Amino acid sequence: MAGADTPSPASEGLKAPLLPVHEPIPETVHTTTSFTFKSLLTLKNFYVILGPLLSLVICLLVKLDGAPATSQKMLAVIAWVFTWWVTQAVPLPVTSMCPLFLFPFFGISSADTVAHSYFDDVIALVLGSFILALAVERYNVHRRLALNVTLLFCGDPMNPAMLLLGLCATAFFVSMWLHNVAAAVMMIPVAMGILHRLPPAEEQSEVINKFCRAVVLTVVYATPIGGMSTLTGTGVNVILIGMWKSLEPDGKPISFNTWGSRVALSAYLDKAHLKSDLEALGPMAFAEKMVLVVFGLLILLWMTRRISDDFPGWGVLFHGLVGDGSISVLAAVLLFIIPNMRQKGEKLMNWEECKKLPWSLILLLGAGFALADGVQSSGLADVLSRALDFFQDVPYLAIVPAVTLLCSIITEFITSNDATATLLVPLLFQIAKTMQVHPLLLMIPGGISTEFAFWLPTSTPSNVVGFATGHIEIKDMLKVGVPLKVAGIAVLSLLMPTLGAIVYGTNDGTH
């Protein structure tokens, strides 16, 4: 049989040698450079030493009263890893693998335990979402969406501020109804479609380069802010409502009703050119439609898996064993099954396309979860919780700013906003009872401020999605994230004691 004589591509791949044995190995020209002690005195090498040095200082000098020894070691590991992350002393993915040896060496957890953090349900969610994003990119669905959004908001003549506002409003609206990660995964390809018309990074002027960063940061920050607007926008809101209902069953319930440079860019984003580009794409092909169908199915399954206590959603049929990551991977697998109707036997996706997956950023996210688990298991979480006891002595008008500031800082170091809210919200309830103030006065700003994770790519998975584009760096996130966090704290501090008192009745029973 002919089929028996022809080896399959899979078998060829398995039999292929790891090194090209038949090709001559090119000769390597060795160049010698003089080594001096002065050549080691570079800023990069200083940053490499700074991480372990800070870790050593914490182990020797920092004492956490009443805490287990592992909490001190965990603090040392955090100092080491975050120093390397912020300074980029070594590549980010390499730093992200450091917990795999630091945790066992410092006696925080076993190698198996820390390795499990690198592939949990949320990382499966992000992995499946990335594969779906690659399918969107493969069939230019993101380009079609981007051209429509740009045409709608760019103005004539081109107005960069209006375009950013339109993109921000679109991401904000989508995030009101979808999980932050889902909204970011949906909107980042749209942003990349807009940037596709601009010159490559090495040919960009300073103005265009700033615009590229602004576009990505717009999506990164609009999605979590939009998620704060509705009960279903983010898991933190659901956790907050569930805990309020559990801790104060006779209290007033929280419902949906109460939660209530132009010249440089115009050459690339001219309205007439945009219309011609959209017409050049032609009508939507079968493959594009099917990618959107899979995407819509994914969103529908995400939204209906778990709705509320009264309407548990379809997840109850599987006894709560199915997670968002399960659905994300299911959608990704469908892309390898559904034909694209272009060539016989060709599917919507193939593994060659998946070689573009940003595995380095998946490692980055895994490291964030490993640190979050280490904070819990080492006892450092209890130390942070006890640090909030000082709120009992804070003046009434300073309560909300103090709670918001501290919770918004803690959330930067715990990758899961949901985990941060789960840790802090019950504690804030008990502190409010001790202070004899309405619990929601602390619980709502504390819960919402855990979503102010604007500083680091590891602070929340939606930040990772934006960071994966390669258009922004940590310094860009800090430059925008710091003032954005300050603005969020200021707005929350103003609205909660005033508008919150009217909507939630937080003045009732306050002394």
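Residues numbered from 1 in each chain as written. Predicted model: local features only at pLDDT ≥ 70, side-chain atom pairs only at ≥ 80, totals over all residues. Heavy atoms only, no water.

Asker: What's the story with the packing of aromatic side chains in this structure? I'm lost.
Answerer: By convention here, two paired aromatic rings are described through the distance between centres and the angle between planes. Inspection of every chain in the model, using the stated rule, returns 6 aromatic pairs. Measuring from ring centre to ring centre gives 5.3 Å for Tyr-221 and Phe-454, while their planes differ by 80°; the resulting arrangement is edge-to-face. Taken as a pair, Tyr-221 and Phe-454 share a single burial class, namely buried. Seen from their ring centres, Trp-314 and Phe-318 are 6.0 Å apart, and the 85° between their planes marks the pair as edge-to-face. Judged by its relative accessible area of 42%, Phe-318 is partly exposed. Feature note: the residues Tyr-221, Phe-452 and Phe-454 constitute an aromatic cluster, connected by ring pairs. (Phe/Tyr/Trp six-rings, centres within 6.5 Å; stacked < 30°, edge-to-face > 60°. Buried < 20%, exposed > 50% of the residue type's maximum accessible area, 1.4 Å probe, protein only.)

Asker: What should I look at first to understand the nonpolar core in this one?
Answerer: What tends to happen in soluble globular proteins is that the nonpolar side chains get buried as a cluster. The biggest cluster of nonpolar side chains holds 123 residues, and the ones touching the most others in it are Leu-371 and Leu-442. Each residue touching Leu-371, except ones within four places of it in the same chain, is listed here: Met-74, Val-77, Ile-78, Val-81, Phe-82, Trp-85, Pro-99 and Phe-103. (Core = buried A, V, L, I, M, F, W, Y, C linked by side-chain atoms within 4.5 Å. Contact = heavy atoms within 4.5 Å.)

Asker: Looking at this structure, I do not really get the pattern of salt bridges. What am I missing?
Answerer: All chains considered together, the criterion is met by 5 salt bridges. Across the pair Asp-476 and Arg-213 runs a salt bridge whose closest N-O atoms are separated by 3.0 Å. Judged by relative accessible area, which is 5%, Asp-476 ranks as buried. Across the pair Glu-353 and Lys-356 runs a salt bridge, and its minimum N-O distance is 3.2 Å. According to the relative accessible area criterion, Glu-353 is buried, its value standing at 17%. In the salt-bridge network here, residues are joined through shared partners; they are Arg-138, Glu-353 and Lys-356. (Salt bridge = Lys/Arg side-chain N within 4 Å of Asp/Glu carboxyl O.)

Asker: Just checking my understanding: could you explain the packing of helix 3 (residues 43-61) against helix 4 (residues 69-87) for this structure?
Answerer: What describes two packed helices is the angle between their axes and the distance between those same axes. In contact at an axis separation of 8 Å, helix 3 and helix 4 are set at 165° when each is read in the N-to-C sense. If you check the angle between helix 3 and helix 4, you find them roughly antiparallel. At the point where helix 3 passes helix 4, the crossing takes the right-handed sense. Between helix 3 and helix 4, the contacting residues are Tyr-47, Val-48, Leu-50, Gly-51, Pro-52, Leu-54, Ser-55, Ile-58 and Cys-59 on the first element and Gln-72, Leu-75, Ala-76, Val-77, Ala-79, Trp-80, Thr-83, Trp-84 and Thr-87 on the second. In terms of residue class, the contact of helix 3 with helix 4 is built from 13 nonpolar, 5 polar and no charged. (Axes fitted to C-alpha atoms, helices over the stretch in contact; angles between N-to-C directions. Helix = DSSP H or I, 4+ residues; strand = E, 2+ residues; numbered from the N terminus. Parallel < 35°, antiparallel > 145°, perpendicular 65-115°, else oblique. Left-handed = near helix turned anticlockwise from the far one by under 90°. Nonpolar A, V, L, I, M, F, W, Y, C, P; charged D, E, K, R; others polar.)

Asker: What's the story with unusual backbone geometry in this structure? I'm lost.
Answerer: Peptide bonds are, in most cases, trans, and in most cases residues other than glycine have a negative phi. Despite not being glycine, His-319 shows a phi value in the positive range, around 60°. When you line up the elements, His-319 lands in the loop between helix 16 (286-304) and helix 17 (324-335). The class for His-319 is exposed, based on a relative accessible area of 70%. Of note, Met-341 is a non-glycine position whose phi angle comes to about 60°, a positive value. With respect to the helices, strands and loops of the structure, Met-341 is situated in the loop between helix 17 and helix 18 (351-354).

Asker: What am I meant to see in the side chain of Thr-218 here?
Answerer: Relative to the assigned elements, Thr-218 resides in helix 12 (residues 206-227). Residue classification places Thr-218 among the buried residues on the basis of a relative accessible area of 15%. Beyond its immediate chain neighbours, meaning those up to four positions away, Thr-218 contacts Leu-164, Leu-167 and Cys-168.

Asker: Please explain helix 19 (residues 359-377) as it appears in this structure.
Answerer: One turn of an α-helix holds 3.6 residues; hence residues three or four places apart share an orientation. For helix 19, which comprises 19 residues, the first-to-last C-alpha distance of 27 Å matches the rise-based estimate of 27 Å (1.5 Å per residue) to within 8%. Once helix 19 finishes, Gly-379 follows within two positions and takes phi at roughly 95°, a positive value. (Expected span 1.5 Å × (residues − 1).)

Asker: Help me understand the side chain of Ser-328, please; the structure alone is not making it clear to me.
Answerer: The topology assignment puts Ser-328 in helix 17. The exposure class assigned to Ser-328 is buried, which follows from its relative accessible area of 1%. Filtering out sequence-adjacent residues up to four positions away, Ser-328 remains in contact with Ala-124, Leu-125, Gly-128, Ser-129, Leu-298 and Trp-302.

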